[in-house]
Structures are given as structure tokens and as C-alpha cells.
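Given next are the chains, with one letter for each unit.
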Amino acid sequence: MDVCWEEHGWERLAPGVGRRRLPGWDATAGLVVGTDAVLLYDTGSTVREGAELAAGVRALLGGGRHVTHIALSHPHFDHVLGTAAFPGAEVYGAVGMARLLTAGGSGPSGPSGLSGLSDPAVMSGMSGLFEEAVRLGADAEETARAVDGLVAPRHEVSGLLTLELGGGRRAVLVNAGPGHTAHDLAVLVAGASGAAEVAGASGATRVAGASGATSVVFCGDLVEESGEPQAGPDAVPGRWPAALDRLLTLGGEDAVYVPGHGAVVDAAFVRAQRDALAARFGVS
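Here the structure is a predicted model, which is why all the values come from computation and not from measurement.

Cut-off values and rules
Residues numbered from 1 in each chain as written. Predicted model: local features only at pLDDT ≥ 70, side-chain atom pairs only at ≥ 80, totals over all residues. Heavy atoms only, no water. Helix = DSSP H or I, 4+ residues; strand = E, 2+ residues; numbered from the N terminus. Buried < 20%, exposed > 50% of the residue type's maximum accessible area, 1.4 Å probe, protein only. Contact = heavy atoms within 4.5 Å. Areas by Shrake-Rupley, 256 points an atom, 1.4 Å probe, with all protein chains shown as cover. Polar contact = N/O pair within 3.5 Å; in protein donor to acceptor, adjacent residues only side chain to side chain. Salt bridge = Lys/Arg side-chain N within 4 Å of Asp/Glu carboxyl O. Pairing = 2+ DSSP bridges. Axes fitted to C-alpha atoms, helices over the stretch in contact; angles between N-to-C directions. Lys, Arg positive; Asp, Glu negative; His and termini not counted. Core = buried A, V, L, I, M, F, W, Y, C linked by side-chain atoms within 4.5 Å.

### What to know about the overall build of the chain
The number of helices and strands found in the chain is seven helices and twelve strands. Classification of the 284 residues of the chain by burial places 55% in the buried group. A separation threshold of at least 6 residues defines the contact pool for the chain, and within that pool the share at least 24 residues apart is 64%. Looking at the chain as shown, the accessible area adds up to about 11100 Å², and 51% of this sits on carbon and sulfur atoms.

So this is what it looks like as C-alpha cells:
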């Protein structure tokens, strides 16, 4: 089963796999469609943007189908603040991400749900979402509402986790970081509808797909095409190149690599960005 992606504002990457480039920060929202379930990778920067994505998925798939699973690439506002627009969806993130997001909150001056909390990781995560969004031009009131209603991952991924979406389509969730943040989650769709065999717990196992089919790797902000990779205060620069090594091992030379921002790239681009990051941060 496949659909007319471009007619509905999506970019088709492989059978049953596509993405949408969201306005504003050019963030990627990825979509993987099986016969039984639908996985969305990242949800946008506001609840309104998430609702637009939800409507876009329904229009694309028809028949009352909707997003059933969400994978959040990392805890930055432009990738997670639309999650509340998908009630009932099962939400996944890298281990430790839920801890940053469970408190809720609207901003650094008095986020709801943070009263009495002393955990600096939680405080930094919640206030950071609001501060970063507003600093980059997001509407403060809309952002406050999105942070207050934010849905944290219920399922945390420590290595590799395979989601069976039906019809032979599998999405492999990979805790690929740390790098851009301490909580970077990638998604591999091996060979479109091909069967995937996953071994090992390190995240360094290539997942084989059907012969001749294209594998797709959603990289989050571990890879960026529209500009230089951004290393904020929550980045782990010394381990970022190794994270890209893991993505390359998983996807292989012929995969399509989808950055968190910008156009789709190939393995050569990812490798060049890996080497540039290693030189930038003084690691091998």
C-alpha cells in the first residue's frame, strides 16, 4: 500500500515512508506507515503545528487512519511541543528524556508543576524549552501553552527497539547518542518493507532490508543539512562523531539519511559532517 505523498504536502522517501518539512525552523516530521500502525517522528514546535500534522496524516491516509506511535528525536522545542495534539498515541524517546519533560511548565519565571523540584536536569530541561523557543522568535503565549501540555515519552529506548507496524513494515528506534543532546533517538526503516534482524545492544548493528529496497534513517539533529550542526549547552560534543558512526553502520552506504533540518542527504554527506564535527571538537 502506498499513497500520493506529494499531493498532500509530504515528501515520499520510500514505499510507506515520507516526511514533511515544517515552516519556521525547517524541522523534519517523518512518517512511517504500516497496515496496522502509523509512526510519526517528531511533532513540531507548537500544539497548533502538531494538530496540522495530525490533520495532514489523516488526509494523506484516509479511512480514519491516524498516528498511533510517536518517536521524539530529542528534547528541543521545535521537535516535541506538538505532541499533545496526538491523544492516545504511544510516545517513545531516548532514556532520560522523560525525566526532563515530565514536570510540565511554561517558562523559567514560574513553570507549572515545577514547584518544590530541585533536580537541576528537570529545571534546565523545562525552562530551556520555553527560553529557547522564545529566544528564536516563537510566540511566548503559544509556547507556554505547549510546554504546559507537553506529553513526555512513556516508552524509553536504551538500545534498539523494533516497532512492528504491520504489512512487514518495521521501524527500528535507535538510541544513537549522545551527541546533539544527551537524548538523541534515530529511526531506521530498513529496505522499505523488508524484514529487519537486529542483534546486539550497542546500536552498532546494521539492519538489513529487502534486496534492492531503499533504507531510510531519520537522524534528528545529529545530522543537519540546512546549516552547521548546532551544539548548545546540552550537547555532548566529544561523543557526537561516534553517534554518526553508529548511524552509518545502521543505514549503510545506500540508505537515505533524513536530517533534523534541511534536505535529504546520503552516506557521504553524513561521513563528511562526522569528520567536520571531529575536527571542530578535537576528537577522533
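Let us keep going from here.
### Digging into the side chain of Asp26
As for its placement among the helices and strands, Asp26 is situated in the loop between strand E2 (17–21) and strand E3 (28–33). Here Gly262 takes part through its backbone nitrogen, which lies 3.3 Å from a polar atom of the side chain of Asp26. Excluding its chain neighbours within four sequence positions, the residues that come into contact with Asp26 are Arg21, Ser226, Gly260, His261 and Gly262.

### Comments concerning the pattern of salt bridges
Summed over the entire model, instances satisfying the criterion amount to eleven salt bridges. Among the ionic pairs, Glu141 bridges to Arg145, the shortest N-O distance being 3.2 Å. With Glu141 and Arg145 both in helix H5 (residues 140–148) and four residues apart, the pair spans about one turn of that helix. A salt bridge links Arg274 to Asp275, with the shortest nitrogen-to-oxygen separation between them at 3.5 Å. A residue is classified by how much of its surface remains accessible, and Arg274, at 13% relative accessible area, is buried. When salt bridges with common partners are traced through the structure, they connect Arg48, Glu52 and Glu142 into a single cluster.

### Focus on the sheet that holds strand E9 (residues 169–175)
Pairing is mixed in the open sheet, where five strands are placed in the order E8-E9-E10-E11-E12. Looking at the sheet topology across the chains shown, the edges are occupied by strand E8 (160–166) and strand E12 (256–261). Strand-to-strand twist in this sheet, taken as the mean axis angle between neighbours without regard to direction, amounts to 25°. Note: strand E10 (residues 185–189) against strand E11 (residues 216–224), three bridges, orientation antiparallel. Of the residues in E11, the one forming a bridge with Val189 is Val216. Sitting on the sheet, helix H6 (residues 240–251) is in contact with E9, E10, E11 and E12, with an inclination near 165° to E11.

### Observations regarding the side chain of Glu49
Within the secondary structure layout, Glu49 lies in helix H1 (residues 47–61). It is Arg48 that comes nearest to the buried, bridge-free Glu49 among opposite-charge side chains, at 6.0 Å. The residues contacting Glu49, other than those within four sequence positions of it, are Leu22, Pro23, Thr43 and Gly44.

### Focus on the sheet that holds strand E7 (residues 155–157)
Spatially, E1-E2-E3-E4-E5-E6-E7 is the arrangement adopted by the seven strands of the open sheet, whose pairing is mixed. Of all strands in the sheet, those bounded by a partner on one side alone are strand E1 (11–14) and E7. Strand-to-strand twist of the sheet, defined as the mean angle between neighbouring strand axes without regard to direction, takes the value 25°. With five bridges joining them, E2 and E3 adopt antiparallel strand pairing. Residue pairing for E3: Arg20 is matched across the bridge by Ala29.

### Points about the nonpolar core
Among the nonpolar cores identified, the biggest contains 35 residues, and Leu31, Leu40, Ile70, Leu81, Phe86 and Leu129 are the most heavily contacted of them. Those elements giving two or more residues to this core turn out to be E3, strand E4 (38–41), H1, helix H2 (77–80), helix H3 (97–101), helix H4 (120–135) and H5. In terms of residue count, H1 provides more of this core than any other element does, five residues in total. Sequence-distant contacts of Phe86, that is, excluding residues within four places in its chain, are made with Leu40, Thr43, Gly50, Leu53, Ala54, Val67 and Ile70. Counting residues in hydrophobic clusters, the runner-up holds 22 residues, among them Leu165, Leu173, Leu185 and Val187.

### Regarding unusual backbone geometry
The amide bond that connects Gly177 to the next residue, Pro178, takes the cis arrangement and shows omega of 5°. Mapped onto the fold, Pro178 is located in the loop between E9 and E10. Even without a glycine there, the phi angle at Asp26 is positive, about 55°. The phi dihedral of Asp42 falls on the positive side, at around 80°, and the residue is not glycine. Among the secondary structure elements, Asp42 is positioned in the loop between E4 and H1.

Just distances and angles here, no functional claims.
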